[in-house]
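# Observations on the three-dimensional arrangement
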Amino acid sequence: MEPTSSPAFNPRIEARQRASALWATLLLLATLVGIVVLVFLLVDLVIKGGGRLTGHFFTNYMSFDPDRAGIKSALVGSLWLMLLTTLIAVPVGVGAAVWLEEYASRGRLMRLVQLNIANLAGVPSVIYGILGLTFFVRFLALDRSLLAGALTMALLILPVIVIATQEALRSVPKGLRESAYALGATRWQVIRSHLLPVAAPGILTGVILAVSRAVGETAPLIVIGGFVFIAFTPGSLLDPFTALPLQIFNWTGMPQASFRELAAAAILVLMVLLLAMNGAAIVLRNRFERNRPR
Amino acid sequence: MRPVRAAFGSRWMLAAAVLAGCGRGPVEGLIKIDGSSTVFPITALAAERFMADTSDIRIAVGISGTGGGMAKFGRGEIDISNASRPIKDKEVDKVRAAGLDFIELPIAYDGLVVAVNPEATWVDCLTVDELKRMWEPGSKVNSWKDVRADFPDRPLRLYGAGTDSGTYDYFTAAIVGEEGTSRADFTASEDDNVLVTGVAGDPGALAFFGLAYYEESADKVKAVRIDGGKGGGCVAPTFESVETGQYQPLARPEFVYVRKDRATDPAVGAFVRYYLAHARTIVRDAQYVPLSDETYGLVRARFDAQTTGSLFHGSTVGVKIADLLRGMPADTTRSAR
């Protein structure tokens, strides 16, 4: 047999390698789009708002004098919102996921519930704002308080936490469950001492990513009517509040260009906060993975 | 001279007076304000300065549009409503149906600027009639040539405030003649910066927005002079022409509405009195046009007397605030339109 002389066999090595290189370039470009946009955005923000990132920017309240304006109430409001949202959403979300994975029997009803949760994760955030306005602000008469905001945000991220926790529980090896049950552990003992610790990195990652989504959300806060000008920090759960995205939204709408610089500076703070949270997710996951029972 | 200090000498004496008066702690409390984005900078600036003096009173100001603010006001969710138009009769009914009442306080003027791109050298002044033909429902004006025969045949693109805003309500009342009606095919935004950017980038554009936004972007857009058709000729929008009443009909009053049952609250009362006593400086610093000292005196008297009800019955086109406050019947001061 003489492969080279056969008319049926044509290796076309050069053409295939060209195509391969072309695809590699296209895929690299696809990756770069995201990175370039982020870098461009950051550079633009630093140029516009970098000069506004002074000490008093963090310790002053919103002011109509651009040189004295700060983000204290917005930053404190965002941090409170983050803490409360986490405290509400995590127990409920993780609890629901554990029940769905470990207790619920598989059936048509369960599939329906599952489908609903997946659907809820894709519902636009403004819809959660309307729900929060109708239910928490008006019906439960919580008014436009920190608590109403946190409850709304908790609803928003609940499906994401449920799904992330379910994924994490599913990735726990079956053998772990079976050997624990074989030794006479109760269902709760298995969950508490084996499943949750092993699934913790996945759960934590999901939780932190979900909470950082809540921190960056603006639409639900606008719908439930968070206040824009607040020169005090909340003293109780029922106090009115503002948050970084609301402050940014307000500043970009002001006529004077110096407020848009302040908006850029506030966006930088928000971005750093989000990057820090995502960074924390990675660090926590790595630490848990090292200490993971094997 | 600050009103609180003027009356009581110091914050501590004020506190003592309240202690003696009602057996409660120092004046403290939470004042919730919401409504028009146009009035927001004025009220929030008043709140900022007031809180710098009186640390125990906390004020939160939101933005949900004049209509949105009135809806919250009618449900008793807020203490003060910012409005860039007078309260409507059906909003009055809602407030009263909830067992509440309100004190209407005019606090400033704002001019609405009709702006075009600087490249639109052909237009310098427009009459109210020409603006009406551009904006009226079903308008067929799609080229500048349709506005006036000697204008070039360039496409005309319109930008304006969103239909939920008091600004839109006022502009349509003053120009089209009927509040809330206009052609639908214009670019609407609640954010005046969007309108400025739109006009700055489009040689055929025409927009209306607040005077403060024009003052900040006079290098990017050109203000058209307005001929109100009352023999005054073409008038440019400036702080002076709005204040003197020459810039008509696109100068309008701005309001705050105070819930009557909350007006007697020491915190709300102290804030409103501070606001009215310093209104001239606050309004000017917020880049709006103040009312005359005499008018502010009448407004203060109205608040002190707790006079409820609206003087305007839904329209402020062409009215003189001071005359209305002095108790002259509204229809004699109403414009002929």
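Within every chain, residues take consecutive numbers counted from 1 along the sequence as written. Throughout, the order in which chains and ligands are written sets their labels, letters from A for the former and numbers from 1 for the latter. Since the coordinates come from a predicted model, pLDDT governs what is reported: local features require at least 70, and pairs of side-chain atoms require 80 or more to be given and counted, while whole-chain, interface and lining totals use all residues. Hydrogens and waters are ignored; side-chain quantities use all the structure's heavy atoms.

## Overview of the overall build of chain A
Per the secondary structure count, chain A includes 11 helices and 1 strand. We count a stretch as a helix when DSSP gives it H or I for four or more residues in a row; a strand needs E for two or more, and each element gets its number in order from the N terminus. Moving toward the C terminus, one meets the helices and strands of chain A in the order α-α-α-α-α-α-α-α-α-β-α-α. In this description the radius of gyration comes from C-alpha coordinates, and the expected globular size is given by 2.2 Å times residues to the power 0.38. Relative to a compact globule of 294 residues, whose C-alpha radius of gyration would be 19 Å, chain A shows 25 Å and is clearly more extended. Summarising its shape, the C-alpha atoms of chain A cover approximately 85 × 60 × 35 Å along the three principal directions. Note on exposure labels: buried denotes an accessible area under 20% of the residue type's maximum, exposed denotes more than 50%, and partly exposed covers the range between, all computed with a 1.4 Å probe on protein chains only. Residues counted as buried form 42% of the 294 residues belonging to chain A.

## Some remarks on the interface of chain A and chain B
Pairs of residues are marked as contacts when any of their non-hydrogen atoms sit within 4.5 Å. With 25 residues of chain A at the contact, the number on the chain B side is 27 residues. Buried area: the accessible surface (1.4 Å probe) lost by two parts on joining, summed over both. At the boundary of chain A with chain B, total buried surface from both sides reaches about 2100 Å², with 55% on carbon and sulfur atoms. Among the residues chain A hides against chain B, the three largest losses belong to A:Phe64, A:Phe229 and A:Pro255. Together they make up 29% of the total. Only one rule defines a salt bridge in this text: a Lys or Arg side-chain nitrogen within 4 Å of an Asp or Glu carboxyl oxygen. Counting the contacts that link chain A with chain B gives 5 salt bridges. Among the ionic pairs, B:Arg58 bridges to A:Asp239, the shortest N-O distance being 2.9 Å.

## Quick notes on the domain arrangement of chain A
Interfaces are often sized by the accessible area lost when the parts come together. Residues and elements named next belong to chain A. Structurally, chain A comprises domain 1 (13-52) and domain 2 (55-291). The straight-line distance from the C-alpha centre of domain 1 to that of domain 2 is 30 Å. At the junction of the two partners, domain 1 supplies 9 residues and domain 2 supplies 11 residues. In total, domain 1 and domain 2 occlude about 850 Å² of area from one another, counting both sides; carbon and sulfur atoms represent 72% of this. Taken together, the connections running from domain 1 to domain 2 amount to 2 salt bridges. Across the pair Arg52 and Asp67 runs a salt bridge whose closest N-O atoms are separated by 3.1 Å. N or O atoms within 3.5 Å of each other form a polar contact, as long as, within protein, one can give a hydrogen and the other can take it, and as long as residues adjacent in sequence are counted only when both atoms are side-chain atoms. On inspection of domain 1 and its partner domain 2, the count reaches 3 residue pairs in polar contact (both at pLDDT 80 or more). Domain extents, as shown, originate in an automatic or database domain assignment.

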